[in-house]
Amino acid sequence: MLAGIEEMMTATRRFIEDMVKAGVLLAAEGLDDPRQGVVVDFSGEAPVVTDGPYGETRELFGGFFLLDVASKEEAVEWAKRVPAAPGAKIEVRRVPGSDEVPQADG
């Protein structure tokens with residue numbers, strides 16, 4: 001198993017280097033074990049804090065890459081290159097520009 005982890009880490013480092021060379025990588029971070037986190041639920045009158053994980057573990061993020069690319073299609077092409085474990089899923093989402101986020105008046 002350790003050899004598999006080392007291979008994955010090496011592949012991930014190469015992938016990050018490729019994104020840096022291409023000038024698209026803004027940030028990349030791994031996330032701690034979901035059991036170490038909490039969820040703050042605002043569905044009731046008062047916020048309720050629950051120890052993690054929240055939801056199915058197969059639905060939780062293990063980390064993220066934040067890219068500056070010209071299109072959704074370009075983001076998808078980068079996502080296809082992520083060295084992911086078999087069965088993993090990569091979610092591609094857009095970060096709205098500041099002109100698209102509602103601003104409070106005043």
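Residues numbered from 1 in each chain as written. Predicted model: local features only at pLDDT ≥ 70, side-chain atom pairs only at ≥ 80, totals over all residues. Heavy atoms only, no water.

Chemist: Can you explain the packing of aromatic side chains? Please cite residues and give values.
Modeler: Under the criterion given, the structure shown has two aromatic pairs. Look at Phe15 and Phe65: their rings are 5.3 Å apart centre to centre, the planes differ by 80°, and that puts the pair in the edge-to-face class. With Phe15 in helix α1 (residues 2–22) and Phe65 in strand β4 (residues 63–67), the pair connects residues that are 50 residues apart, well separated along the chain. Assessed through its relative accessible area of 4%, Phe15 is described here as buried. Where Phe15 meets Trp78, the ring centres are 6.0 Å apart and the plane angle is 65°; that geometry is what we call edge-to-face. Taken together, the residues Phe15 in helix α1 and Trp78 in helix α2 (residues 72–80) connect sequence positions 63 residues apart. What makes Trp78 buried here is its relative accessible area of 10%. Three or more aromatic residues link up through ring pairs in this structure, and these residues are Phe15, Phe65 and Trp78. (Phe/Tyr/Trp six-rings, centres within 6.5 Å; stacked < 30°, edge-to-face > 60°. Helix = DSSP H or I, 4+ residues; strand = E, 2+ residues; numbered from the N terminus. Buried < 20%, exposed > 50% of the residue type's maximum accessible area, 1.4 Å probe, protein only.)

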